[in-house]
Amino acid sequence: MSLLSVKNITMAFGSVTAVDDVSFELHAGQLLALLGPNGAGKSTCFNVINGQLRPARGSVRFDGHEIAGIRPRDIWRLGVGRTFQVSATFGSMTVLENVQMALLSFGKRLFRFWAPAAGFYRREALALLERVGMAGEAGRLCGTLSYGDVKRVELAMALANRPKLLLMDEPTAGMAPAERHAMMAMTKRLVREDGLAVLFTEHSMDIVFEFADRMIVLARGKLIAEGDSATIRNDEAVRAAYFGR
Ligand code: ADP
Ligand code: MG
């Protein structure tokens, strides 16, 4: 059984059909790439899944629940995490505090003061930072980190919610090539170790071919191809849409 099942979703903005009758499946423990040129409908697809947008038609089933059109917060509570393109960290707080905050906002325990809350989540926050290779930077202010390191902290914050599915819209945008590879290798490790499912968008074909288990390709809102890297590499429709040849 698939963890995420998207069926025939359609989303229009005025006369623009941003996502047109798109269907795909994603299983636990898989890294699925959503590819396509600018304006293809990738972000719109994400926003339908995370609840920011209500599709005109279609269904989104996640872990046994129909989630199309329900509130983003409820989708998040069911276990759909996301990272943001614009930074979600507080620059004037330490790396550790940012992750403690994320744990606090997810946790069911209520605290009246920060110090006991921070103490309660300290160990768990450090464990999350360990997973993204940032435990050594726990005491640094987020505002002093490199762009790639901020992205790692954001990943730790997204994991604080213990998601079953993580949506990453252009996780490596703005990174240098070495950083992009490190980020994707780490994401793949999380997928393998935790059985996490990841859906991510990415411009760079070489990153996708190297790291994704499967990929789907959108062009002008339509799903035009689906498969592994060998299939996508040799697909005529993909070449035409993506490379313009
Ligand atoms: P991608 O992420 O693949 O670059 P988007 O999903 O952002 O593509 O956009 C798909 C299409 O929908 C584009 O033509 C874009 O201009 C349009 N679009 C996206 N969001 C909106 C919106 N909020 N209002 C109007 N048009 C939008
Ligand atoms: Mg986009």
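For clarity, every value in this text was computed on a predicted model and none was experimentally measured.

### Points about the overall build of the chain
Point 1. For the chain, the count of helices and strands is nine helices and 10 strands.
Point 2. Scaling as 2.2 N^0.38, a compact globule of 245 residues should have a C-alpha radius of gyration of about 18 Å, and the chain matches this with 18 Å.
Point 3. Each principal axis of the C-alpha distribution contributes one length, and for the chain these read about 55 × 40 × 35 Å.
Point 4. Counting across all 245 residues of the chain, residues that qualify as buried make up 41%.
Point 5. If you take every contact in the chain between residues at least 6 apart in sequence, the share linking residues at least 24 apart comes to 65%.

### Focus on the pairing of strand β6 (residues 80-83)
Point 1. Residues Val80 and Arg82 line one face of β6 and the alternating positions Gly81 and Thr83 line the opposite face, and both faces are buried.
Point 2. When β6 meets strand β7 (residues 165-168), the two strands line up parallel, connected through four bridges. Paired with Gly81 across the two strands is Leu166, which belongs to β7.

### Some details on the site of ligand 1
Point 1. Neighbouring residues of ligand 1: Phe13, Val16, Ala18, Gly36, Asn38, Gly39, Ala40, Gly41, Lys42, Ser43 and Thr44.
Point 2. Those elements giving two or more residues to the shell around ligand 1 turn out to be β2 (16-26) and α1 (42-49).
Point 3. Among the elements that make up the shell around ligand 1, the one with the highest residue count is α1 (three residues).
Point 4. The residue makeup of the shell around ligand 1, split by class, is four nonpolar, six polar and one charged.

### Examining the sheet that holds strand β10 (residues 222-227)
Point 1. Within the open sheet, the six strands sit side by side as β6-β7-β8-β3-β9-β10. Their pairing is mixed. Only two strands of the sheet have a single partner each, and these edge strands are β6 and β10. On average, each strand axis in the sheet is inclined to that of its neighbour by 20°, with strand direction left out of account.
Point 2. Pairing between β7 and strand β8 (residues 197-201): four bridges, direction parallel. Its bridge partner lying in β8, Met168 is registered against Phe200.
Point 3. Of the strands in this sheet, β6 and β7 touch helix α5 (residues 147-159), which is tilted by about 165° from β6.

### What about α5?
Point 1. The end-to-end C-alpha distance of α5, which contains 13 residues, comes to 19 Å, matching closely the 18 Å that a straight helix rising 1.5 Å per residue would cover.
Point 2. Of all 13 residues in α5, 10 are buried; the element is thus mostly enclosed.
Point 3. Within the sequence span of α5, burial applies to Val150, Lys151, Arg152, Val153, Glu154, Leu155, Ala156, Met157, Ala158 and Leu159.
Point 4. Close packing links the buried residues of α5 with β6, α3 (95-106), α4 (114-131), β7 and α6 (177-194).

### Structural notes on the domain arrangement of the chain
Point 1. One can read the domain layout of the chain as domain 1 (1-79 + 164-245) and domain 2 (89-162).
Point 2. If you average the C-alpha positions of domain 1 and of domain 2, the two centres end up 27 Å apart.
Point 3. No other element matches the four residues that α6 contributes to the side of domain 1 that touches domain 2.
Point 4. Residue composition of the side of domain 1 that touches domain 2, by class: seven nonpolar, two polar and one charged.

### A short note on α1
Point 1. Taking burial as the measure, the eight residues of α1 include seven buried ones, the bulk of the element.
Point 2. Burial in α1 covers these residues: Lys42, Thr44, Cys45, Phe46, Asn47, Val48 and Ile49.
Point 3. Count one or two residues on from α1 and you reach Gly51, which has phi positive near 95°.

### Notes on the packing of α3 against α5
Helix packing for two helices is described by the angle between their axes and how far apart those axes are.
Point 1. Following both chains from N to C, one finds α3 and α5 inclined at 25°, their axes separated by 8 Å at the closest point. With respect to each other, α3 and α5 are oriented roughly parallel. Every pair of crossing elements has a handedness; the one defined by α3 and α5 is right-handed. Along the contact surface, α3 presents Val95, Asn98, Val99 and Ala102, while α5 presents Val153, Ala156 and Met157.
Point 2. Partitioning the contact of α3 with α5 into residue classes produces six nonpolar, one polar and no charged.

What counts, and where the lines are drawn
Residues numbered from 1 in each chain as written. Chains lettered and ligands numbered in written order. Predicted model: local features only at pLDDT ≥ 70, side-chain atom pairs only at ≥ 80, totals over all residues. Helix = DSSP H or I, 4+ residues; strand = E, 2+ residues; numbered from the N terminus. Rg over C-alpha atoms; globule rule 2.2 N^0.38 Å. Buried ≥ 20, exposed ≤ 12 C-beta atoms within 10 Å, placed from the backbone. Contact = placed C-beta atoms within 7 Å. Pairing = 2+ DSSP bridges. Near = placed C-beta within 6 Å. Nonpolar A, V, L, I, M, F, W, Y, C, P; charged D, E, K, R; others polar. Axes fitted to C-alpha atoms, helices over the stretch in contact; angles between N-to-C directions. Expected span 1.5 Å × (residues − 1). Domains from an automatic or database assignment. Parallel < 35°, antiparallel > 145°, perpendicular 65-115°, else oblique. Left-handed = near helix turned anticlockwise from the far one by under 90°.

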